[in-house]
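A look at the structure
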Amino acid sequence: MSIRFDNVTSGTLHQFSASAPSGSVIGLIGHGDSGIAQLLAAAPASTILCPNLAALDLPARLQWLGRPRSGAVTLVASTDPELLRNAVDEIWWLDQGQLAQRGDPGEVIAAYITSVITHLRTQPSAALHPSLRRGDGRAEILSVVALDHHNHPTALLQSGEAACLRVEVRYNAAVEDPVIGIMIRTRIGMEVYGTNTELEALKLGPVAAGDTRTVSFRFQCMLCPQSYTVTAASHDPNGVWHEWMEDAISFSVADTRYTAGVANLRAKAELS
């Protein structure tokens, strides 16, 4: 049996209209006060409902995904859109009670994730929260900031785009040949990438007490979506630390598609 919503106004929903044919499975995505809960409440009694597929434990989720279809319309919401990609016929993306987009699951999920990423990238980057600080005190790391491709501070980088890690250091004593470096790690501590100004042939000194140096390490963010930390340090060429700041900041990497691992090689599959 098909269903139809005609100008439904309830809570966040405002004159919401949409319809679905008999036997179809419709995925619902959105965040915050999207109106999904009100839409499910307004559905006809014949509709099969799943308020949040992601909240089901694994056996229940697999059982739900493997159940036979019937003539009734199914509305299934999920806080994890990826669970819906291959499980539904169409996706409705609700945003503040309005239908932002509907259609092919892959296209709508990609548009939704892009929207979320765009919003989150406007949020400020994290303040310094090092798990460990050590050194002889000849320098102080003032800031470590992640920058997006627009050179804006952010806590969320887009996989594949230009990015930057900027380190600002103030020297409390004269240093003949200071070196500033970074190390990116995964959240479980695996080293992903590290470099420093000596390796990059960038000379910073000599510096006097009170001098500051700001170094921008620019790179293409070819990382897979997950969380990372940045360790920053100022030291002598022989490795004596002026200041070492372990896990100074954290940042996340996002993408419009799931990719496993750490290095996003962006491989292309072809039949040969």
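Before any of the text, the structure's been laid out above.
Within each chain, residues carry numbers counting from 1 in the order of the written sequence. For a predicted model such as this one, the threshold for reporting local features is a pLDDT of at least 70, and the threshold for listing and counting side-chain atom pairs is 80 or more; totals across whole chains, interfaces and linings nevertheless cover every residue. Only heavy atoms go into the side-chain values, all of them from the structure, while hydrogens and water stay out.

Things to note about the overall build of the chain
Threshold: Numbering of helices and strands starts at the N terminus; helices are DSSP runs of H or I of at least 4 residues and strands are runs of E of at least 2. Any residue under 20% of the maximum accessible area for its type is buried, any over 50% is exposed, and the rest in between are partly exposed; the area is computed with a 1.4 Å probe on protein chains only. By definition, residues are in contact when any of their heavy atoms lie within 4.5 Å. Note that accessible areas follow from Shrake-Rupley with a 1.4 Å probe, and for residues the cover is restricted to the protein chains shown. Residues counted as positive are Lys and Arg, residues counted as negative are Asp and Glu, and His and the chain ends are not counted. Where a charge lies is defined by one atom per residue type, namely NZ (Lys), CZ (Arg), CG (Asp) and CD (Glu).
Within the chain, the regular secondary structure consists of three helices and 16 strands. Counting only C-alpha atoms, the chain reaches 80 × 50 × 30 Å along its principal axes. When burial is assessed residue by residue, the chain has 42% of its 272 residues classed as buried. In the chain, 69% of the contacts between residues at least 6 apart in sequence involve partners at least 24 apart. Of the roughly 13,900 Å² that the chain leaves accessible, carbon and sulfur atoms contribute 53%. Charge separation in the chain, taken as the distance between the mean sites of 20 positive and 27 negative side-chain charges, equals 2 Å.

Some details on the sheet that holds strand β9 (residues 139-147)
Worth spelling out the cut-off: Between any two strands, pairing holds if DSSP finds at least two bridges. Simply put, an axis is a line fit to the C-alpha atoms, just over the touching stretch for a helix, and the angle between two N-to-C directions goes from 0 to 180 degrees.
Reading across the sheet, the three strands line up as β9-β11-β14 and stay open at both edges, with antiparallel pairing between neighbours. Bordering the open sheet on either side are β9 and β14 (212-220), each of which pairs with just one other strand. Within the sheet, the average angular offset between the axes of one strand and its neighbour, ignoring direction, is 15°.

Focus: empty space enclosed by the protein
Note the following rule: A pocket, in this scheme, is an open set of points on a 1 Å grid over the protein atoms alone with protein on both sides within 12 Å along at least 5 of 7 lines, while a cavity is a set where a 1.4 Å probe fits but cannot get out; residues line either one if an atom lies within 4 Å of a point. Grid points are joined across faces, edges and corners, and a volume is the space filled by probe spheres set on the points.
The full count for this structure, using the stated rule, is one cavity of 30 Å³ or more. Considered as a void within the structure, the largest cavity measures approximately 40 Å³ in volume. Every residue along the wall of the largest cavity is listed here: Gly23, Ser24, Val25, Ile48, Arg67, Arg69, Ser70, Ala72 and Thr74.

So, the side chain of Glu243
To be explicit about the condition: Two N or O atoms count as a polar contact when they lie within 3.5 Å, although within protein this holds only if one can serve as hydrogen donor and the other as acceptor, and sequence-adjacent residues are included solely when both atoms are side-chain atoms.
With respect to the helices, strands and loops of the structure, Glu243 is situated in strand β16 (residues 241-254). A distance of 2.6 Å separates a polar side-chain atom of Glu243 from the backbone nitrogen of Ile141. Those residues in contact with Glu243, other than ones at most four positions away along the chain, are Arg133, Arg134, Gly135, Ala139, Glu140, Ile141, Ala232, Ala233 and Ser234.

Focus: the layout of surface pockets
Heads up, the rule is: Polar here means any residue other than Ala, Val, Leu, Ile, Met, Phe, Trp, Tyr, Cys and Pro, which are nonpolar, and Asp, Glu, Lys and Arg, which are charged; Gly is therefore polar.
When its volume is computed, the largest pocket comes out at roughly 360 Å³. Around the largest pocket, the lining is made up of 17 residues, and of these Ile113, Val116, Ile117, Ala254 and Asp255 lie nearest the centre. Broken down by secondary-structure element, the contributors of at least two residues to the lining of the largest pocket are α3 (105-120) and β16. Of the residues that constitute the lining of the largest pocket, the class distribution is eleven nonpolar, three polar and three charged. Taken as a whole, the second largest pocket holds about 150 Å³ of empty space. Considering only residue class, the lining of the second largest pocket consists of seven nonpolar, three polar and two charged.

Side note on the nonpolar core
Rules: To form a nonpolar core, buried Ala, Val, Leu, Ile, Met, Phe, Trp, Tyr and Cys residues must be joined to one another through side-chain atoms within 4.5 Å.
In this structure, Val144, Val167, Ile180 and Phe251 are the most contacted members of the largest nonpolar core, which totals 29 residues. When contributions to this core are tallied by element, the ones reaching two or more residues are β9, β11 (162-171), β12 (179-186), β14, β15 (226-235) and β16. When sequence neighbours within four positions are dropped, the list of residues in contact with Ile180 reads Val167, Val169, Tyr171, Asn196, Thr197, Leu204, Arg213, Val215, Phe217, Ala233 and Ser234.

Let's talk about the pairing of β9
A large share of β9 lies buried, amounting to seven of its nine residues. Bridge analysis of β9 against β11 gives eight bridges, and the strand direction is antiparallel. Residue Ala139 lies in a different strand from β11, and its bridge partner there is Tyr171.

A look at a nonpolar patch on the surface
What counts is decided by this rule: Note on patches: the residues involved have over 30% relative accessible area and no salt bridge, like charges join within 9 Å, and the nonpolar side chains Val, Leu, Ile, Met, Phe, Trp and Tyr join within 5 Å. Any Lys or Arg side-chain nitrogen found within 4 Å of a carboxyl oxygen on Asp or Glu counts as a salt bridge.
Taken together, Leu58, Leu62 and Leu65 make up a surface patch of nonpolar side chains, about 290 Å² in accessible area. By the element assignment, Leu62 lies in helix α2 (residues 58-65). Note on Leu62: relative accessible area 54%, which makes it exposed.

A few points about the pattern of salt bridges
Within this structure, the stated rule accounts for twelve salt bridges. Here Asp6 ties to Arg4 by a salt bridge, and the two come within 3.0 Å at their closest N and O atoms. What makes Asp6 partly exposed here is its relative accessible area of 46%. Residue Arg133 is joined to Glu243 by a salt bridge in which the shortest nitrogen-to-oxygen separation is 2.9 Å. You can see Arg133 sitting in strand β8 (residues 132-134) and its partner Glu243 sitting in strand β16, a full 110 residues away along the chain. Among the charged side chains, a salt-bridge network with shared partners connects Asp136, Arg138 and Asp236.

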